[in-house]
Amino acid sequence: MAVTKDPLPPIDVGTVINDRYEVLKSIGKGGMGEVFLAFDRLTQQQVALKVVPEASAMPGDDEALRQEVILAQKARHPNVCRVHDLAPSPWGPILVMEYIPGQTLHNHIRKRKTSGGFSADEFRKISTDVCAGLAAIHQQGLVHGDLKPGNVMVADDRAVILDFGFAKERARAAVRKPGAPPDGGTPHYMSPERLRSGGASPEDDVYAAALTLWEMWTCRVPEPGYKPRLKTMKQQITFDVPAALTNDEIRQIFRALNPDPQMRPQARHMRFFNPTQTATAPIQLPRERIDPGPAPGRAIKTQFTPGAQSLLITYATNAPDSVATLFPLQKPVLSIGRRSDQDLVLAEATVSGSHALLRWQTGSWLVEDLNSTNGTYADFPFERKAQVSLLHGAEVQLGECRLMVVTFGPDSPHHDKAKRYLARRDGLTGLLVREHLMKAIDEDGFFAEWGEVPMQIARFELRGQNGLVSLRPTILEMLALRKAALQVVDLTQTLLLSLTPAAAGRTGPLTFVVSIVGPNLDEAQHVVEQVVAQVQGTLPETLELTATLVKCEPGRPARTLID
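Basis of the calculations
- Residues numbered from 1 in each chain as written.
- Predicted model: local features only at pLDDT ≥ 70, side-chain atom pairs only at ≥ 80, totals over all residues.
- Heavy atoms only, no water.
- Helix = DSSP H or I, 4+ residues; strand = E, 2+ residues; numbered from the N terminus.
- Expected span 1.5 Å × (residues − 1).
- Buried < 20%, exposed > 50% of the residue type's maximum accessible area, 1.4 Å probe, protein only.
- Axes fitted to C-alpha atoms, helices over the stretch in contact; angles between N-to-C directions.
- Parallel < 35°, antiparallel > 145°, perpendicular 65-115°, else oblique.
- Left-handed = near helix turned anticlockwise from the far one by under 90°.
- Contact = heavy atoms within 4.5 Å.
- Nonpolar A, V, L, I, M, F, W, Y, C, P; charged D, E, K, R; others polar.
- Core = buried A, V, L, I, M, F, W, Y, C linked by side-chain atoms within 4.5 Å.
- 1 Å grid on protein atoms, 1.4 Å probe; cavity = no way out; pocket = protein on both sides within 12 Å on 5 of 7 lines; lining within 4 Å.
- Points joined across faces, edges and corners; volume = space filled by probe spheres on them.
- Polar contact = N/O pair within 3.5 Å; in protein donor to acceptor, adjacent residues only side chain to side chain.

For the protein, an unreviewed UniProt entry supplies the name Protein kinase and the organism Sorangium cellulosum.

Set out below in structure tokens:
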């Protein structure tokens, strides 16, 4: 005779799950089950329980839940919901999560719509928290895949990203929902490339975050494929929140909505003024640099290890094709030069046949110049050096070729990142090369029209004693250009209290430009004059830094102001 099990009563207030979790109330339903507020009798704390009923479970649900625990525990951050445990129960698997008292950002937006929108400080606080949580997820090499106001919980002290770790489960569940996108997620917050081709990515997450913040301004859910950049900002904003925000804060969201995923900022680089101090330290501005790899460990510092470090070519005037070439350092003493009999052969014409010796010295490298024709240089001061000591990540210049000490090998992920950096940026100045400068300047021009704010281009030149700009710079002029470019960009950003890096690029042998968006012409002129005066004092007396400011007119492509 078959024995039938009595059906379980539904979970209700007072139900005790696993003799531990006392249910207090239901707080929502999701794609995989219901979420309850419960009291954990063991820890004496409130928790959130996600229960996946056995009746609705599908093959793979247990694994999806297990993966959520693993992934969420990797991305530990105050702005990412913590997942404590996964356990079986008579009602099905339960996921034990941090309980965050508050309301979803979706509901919060609906309430703010009836009261005139968000204050600038509240917008800044929520935006900062969302971007910080997303950055923590991306730092672990993970993707959220469904960021939207409904997956952000707003508590009294913070905003927290929810429902993290279900990218694969969303894709699987979407298959059984007619009309759903092929890879799950929510179409209203998907990037153009994901709507076309599918596939969650960090860049798609940034786009979703920007649309989430955009919805806080407009108090309207965007339609799938909605393009906020096609109309001016003022034509689309319901309330006047942006009037209290800086141009940089607004520009970050504009950039994150770029249809080109490569032009969007990373989540960790999106920042907003501190709402309690209304200030931020300009020194915190993210500057894109070559990552030299992890610092050498104690074993490498105390005993030479073949191939543990390498030399990366970052710049070569006459051999641009050699840039990003990597030379593993296989011996403690190596010769370096242009001749084929050298241990490290450089193609750059200004490097002598036998230019220098490279010696390992307890974790660092000593470059000894061998009476080369064009000399060996550290960055500053500008005179030739008989010896240059190189620590991890430092650079040396042989003639017109620059080399950096790194701890990665050929075709490694770090090497691939360095190649991408050097394809976009000039290895001497760190400024954008022409193709990418044009894109960045165009982006600033589009923003200036969209936000209806002024834009100027500051064009800088290094002139010699004859008052002319050399078309074939000396090594002294090259080193001065490097110093001037780095200082000009840093000072400009500091004086403007910038939150986002300025679009700046090299336009000729001794010329470069910096975009200034937001200040009017007189304000920009004052900034440029201060910058030139400060930088001039650090340059050789034989060189003069000059600047010209050009105003961008509506309807004129910004890139036409570069030359």
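Now for helix 10 (residues 434–451). With 18 residues, helix 10 should cover 26 Å at 1.5 Å per step; its first-to-last C-alpha distance of 25 Å lies within 8% of that length. Taken across its 18 residues, helix 10 has 13 buried, putting it largely inside the fold. Once helix 10 finishes, E452 follows within two positions and takes phi at roughly 50°, a positive value.

At a minimum axis distance of 10 Å, the contact between helix 11 (residues 475–495) and helix 12 (residues 521–536) shows a crossing angle of 140°. In terms of orientation, helix 11 lies oblique with respect to helix 12. As helix 11 packs across helix 12, the resulting crossing turns out to be right-handed. Taking contact as the criterion, the partners of A484, Q487, V488, L491, T492 and L495 in helix 11 are, on helix 12, V527, Q530, V531, Q534 and V535. Here the contact of helix 11 with helix 12 is composed, by residue class, of seven nonpolar, four polar and no charged.

Looking now at the nonpolar core. Within the largest apolar cluster, 63 residues are counted, with the highest numbers of intra-cluster contacts made by F123 and W217. Broken down by element, this core gets its largest block of residues, 10 residues, from helix 6 (residues 202–218). With near-sequence residues (within four places) excluded, F123 lies in contact with F118, L213, M216, W217, V241, L245, I253 and F272. Within the second largest apolar cluster, 33 residues are counted, among which are Y315, L479, V488 and V527.

Glancing now at empty space enclosed by the protein. Within the structure shown, the criterion is met by one cavity of 30 Å³ or more. Here the largest cavity defines a volume of roughly 50 Å³. Along its surface, the largest cavity is lined by G145, D146, L147, T186, Y189, M190, R194, D204, D205 and A208. Sorting elements by how many residues they give to the lining of the largest cavity places helix 6 first, with three residues. Looking at the lining of the largest cavity, its residues break down into four nonpolar, two polar and four charged.

For the pair helix 2 (residues 105–114) and helix 6, interaxial distance at closest approach is 9 Å and the crossing angle is 20°. With respect to their mutual orientation, helix 2 and helix 6 come out roughly parallel. In this structure, helix 2 uses L105, H106, I109 and R110 to contact helix 6, whose residues at the interface are T212, E215 and M216. Classifying every residue of the contact of helix 2 with helix 6 by side-chain character gives three nonpolar, two polar and two charged.

Moving on to the environment of E215. For E215, the position within the fold is in helix 6. Looking at E215, the relative accessible area reads 0%, which means it is buried. Contacts of E215, omitting those with residues within four sequence positions, involve H106, I109, R110, P149, Y189, R220, V221 and P222. Looking at E215, its side chain comes within polar contact range of the side chain of Y189, at 2.5 Å.

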